Each structure stands twice: as structure tokens, then as C-alpha cells.
Amino acid sequence: MSKAADVQVFVQHRHALTPSIDCWRLARRDGAPLPAFSAGAHVEVQVAAGLRRAYSLCSDPANTAFYEIAVKHEVDGRGGSRALHQSARIGTDLSIGAARNLFALADEPGLHVLVGAGVGLTPLIAMAHSLHRSGKAFQLIARVRQREDLLFAPLLEHGPWSDRVTVSYSSEGALALPGNAAHVYCCGPDGFMQAVKAHYAELPEACWHQEHFAGGAVSVAAEQGYRLVLSASGREIEVAAGQRLIDALRANGVACETVCEQGVCGSCVVGWQDGRPRHQDECLTDEDRQSYVALCCAGCDSDSLTLEL
Ligand code: FES
């Protein structure tokens, strides 16, 4: 679970996609290519001192001369998008982590259906580039309220795979989805993803893929109190009923790096030893969970839990 070193990039280009969503093109100053990535991957961006956020890559994976991210200015968000919108101008230097993919395309035949709402379209754009290049059957359904909210409108309407795109306006009625999907990839607000998943209730679980960054936070407050033991120092920290594990650590001065706080990105993962952690993340495999825990969304089913901190 070790993390690769950050890559230094600068903002080569920035432009507005919609009234609230901007696109940043990130490249190396020396013009060298960036590391390869696969469609559906995200990178962590250092948006301000001590503040990292994960954003899906929406550029064509075949072109590593630059990465592109599209970020909505969330006025009531946790501050990451605001920091990026305010400070990352053309020419600004940024640190980004290595691309990670928790939303990968399945390498299987059949129709791949990509369904996204609003800024949730971003990973699906990279997927459409990849599927088009590999000659696979796909359809992209973009759900937005009105045309001015449609990001990458010129690409979706006139690009090389525009014949595979359906734009669905919520102001005009219900979302129509193809019925013969082999794999479905969905990204958007929680309610939207639940509605799409309900439509594909017959689809095997392994054929349903969803991206969580646009969703809500995981509920991780403790029902009953428990004790954390930090293995490096032997220090003990109480987690009160109703408190999150990570909040108890921070309240006691333990620095915890987080990005998504939804159990998706893996930035808060540490080793654990004694106790019974309750895993609620989406980023660890069952095997990983024997030794690691994602602090941002973990609970505890025992009286104490020892963390490798
Ligand atoms: S902060 Fe992303 S998994 Fe915990």
C-alpha cells in the first residue's frame, strides 16, 4: 500500500465548461509525457497547503502529453474545489499523485453503457475515448438539467464518437436507458446512481460499476465508544459514541491525510493489529482488510483497536 511520489505539473490551460465547472489541462514544464493511466482513473491534486482532493481524469488516456480534470465549484463543499477555482490559474504549479483506478473498464465484449449526470460525466469521457479506440460497442448517456450545464458539449455533439452519445435533459422528462447492457458505468449524485442501478436491477453485480466521488459521505459515527491504541507509542485514544474514528484521532493531535473521506481514494489507509475493525470503504480488497483499514470510514466492533500509527 506504499504511495508513489507526487508528480510536479503546471496549469497549461484552463477554461470554463459550464457556469460552475472549469477544465484544467495539467502538463510537465519540461514537456515530458506524464505517466500512463487507464480510463476511469483519478489523481489526487494538492489544491492548497495540507489540502488534497481526488479528481477523475477526463482526457484521452492515449495522450499522456497532459492530463485534464474538470471540477465543479462546490460553494457549500469542504473547500477543495473553492481552493482550486480560486488559485489554480494558467501557469500555476501543482503537485499531483499517481493516477489510481477504482472505476476501470471491464475488458469484456458486449455493450458498455456509460451513464453520467453533471460533473459525474468526467471519468466517462476518458472511458468513451478508450472504448472508441478499442472498437468496443458503447453508448454514453449524459444527463443534465439544460444545455448550458453540458460539459464538453462540442466533443459530445461533434467529436469522433458523438454518434454514441445521448444527451438527456432532466427539464424535459424521464431518463431513457438502453436495456441490452453488458456492463454499466455510472457516476453522479447518489440519488441518480440509485435510480440508474434500479433500472439495471437484473444486471449481475460484477457488471455494475459506479464512481463515488460525487456521492455523499459514509456514515461512520461510532454507536458505542471504544479505545484506539497507537502501536508506535502505545498511546491510547478514546472514541466516544457518536464520534468518527478519524475525528477522535485528529482531536488528539494525530495528523491523518485524507482526500475523499468516503472510503474510495485510499489516502487514509494504515495497518491495524489487534481488535475488530468495521470496514466500510470501497478501496480495500478482502485480503487488504486483514492488515489495513481506511481510517476515514472505519468503525470498530471490539472494545479496542490497535492502529499502526
Ligand atoms: S480519505 Fe479516501 S479512503 Fe479515506
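The structure presented is a predicted model; accordingly, all values stated were derived computationally and were not measured.

S.K.: Whenever I open this one, the pairing of strand β10 (residues 181-187) confuses me. Can you help?
M.R.: Regular strands show a simple pattern: their side chains alternate between the two faces of the sheet. In terms of burial, β10 is largely enclosed, as six of its seven residues are buried. Examined bridge by bridge, strand β7 (residues 111-117) and β10 share six bridges and lie parallel to one another. Paired with Gly116 across the strands is Cys187, a residue of β10. Alignment of β10 against strand β11 (residues 208-211), held across four bridges, turns out to be parallel. Along β11, the bridge assignment pairs Cys187 with Glu211. For the crossover that starts at β10, traverses helix α4 (residues 190-199) and ends in the parallel β11, the hand is right-handed.

S.K.: Could you clarify how one ought to interpret the environment of Trp24 in this entry?
M.R.: The topology assignment puts Trp24 in strand β2 (residues 21-27). Residues Trp24 and Ile90 lie 66 residues apart in sequence; the distance between their C-alpha atoms is 8.5 Å. Among all residues touching Trp24, those that are not within four sequence positions of it are Val11, His13, Arg14, Tyr67, Glu68, Ile69, Val71, Leu84, His85 and Ala88. For Trp24, the side chain forms a polar contact with the main-chain oxygen of Ala88, separated by 2.8 Å.

S.K.: Quick question: what am I supposed to make of the sheet that holds strand β18 (residues 304-307) here?
M.R.: Judged by pairing direction, the sheet is mixed, and its three strands sit side by side in the order β13-β12-β18 without closing on themselves. For this open sheet the edge positions go to β13 (236-239) and β18, each flanked by a neighbour on one side alone. Each strand axis lies, on average, 25° off the axis of its neighbour in the sheet, ignoring direction. Bridge count between strand β12 (residues 226-230) and β13: four bridges; the pairing is antiparallel. Along β13, the bridge assignment pairs Tyr226 with Val239.

S.K.: Where do I start with the domain arrangement of the chain in this structure?
M.R.: When the parts come together, some accessible area is lost, and that loss is often what is quoted as the size of the interface. You can read the domains of the chain as domain 1 (7-96), domain 2 (111-211) and domain 3 (226-307). Distance between the C-alpha centres of domain 2 and domain 3: 35 Å.

S.K.: I'm lost on the pattern of salt bridges in this one. Help?
M.R.: Working definition: two side chains of opposite charge can pair if their charged atoms are close together. Across all of its chains, the model carries 16 salt bridges by this definition. For the salt bridge of Asp22 with Arg14, the shortest nitrogen-to-oxygen distance reads 2.8 Å. Of the charged contacts, one joins Asp60 and Arg133 as a salt bridge, the two residues approaching to 2.9 Å between their closest N and O atoms. Of this pair, Asp60 sits in the loop between β4 (51-56) and β5 (67-72) while Arg133 sits in helix α2 (residues 122-133), and the two are 73 residues apart along the sequence. Take Arg133: its relative accessible area is 52%, and that puts it in the exposed class.

S.K.: Please clarify how the environment of Pro33 should be interpreted in this entry.
M.R.: One can find Pro33 in the loop between β2 and β3 (42-48). Apart from residues lying up to four places away in sequence, Pro33 is in contact with Arg28 and Thr64.

Rules used in this analysis
Residues numbered from 1 in each chain as written. Predicted model: local features only at pLDDT ≥ 70, side-chain atom pairs only at ≥ 80, totals over all residues. Heavy atoms only, no water. Buried < 20%, exposed > 50% of the residue type's maximum accessible area, 1.4 Å probe, protein only. Helix = DSSP H or I, 4+ residues; strand = E, 2+ residues; numbered from the N terminus. Pairing = 2+ DSSP bridges. Right-handed = clockwise from strand over helix to strand, strands pointing away. Contact = heavy atoms within 4.5 Å. Polar contact = N/O pair within 3.5 Å; in protein donor to acceptor, adjacent residues only side chain to side chain. Axes fitted to C-alpha atoms, helices over the stretch in contact; angles between N-to-C directions. Domains from an automatic or database assignment. Salt bridge = Lys/Arg side-chain N within 4 Å of Asp/Glu carboxyl O.

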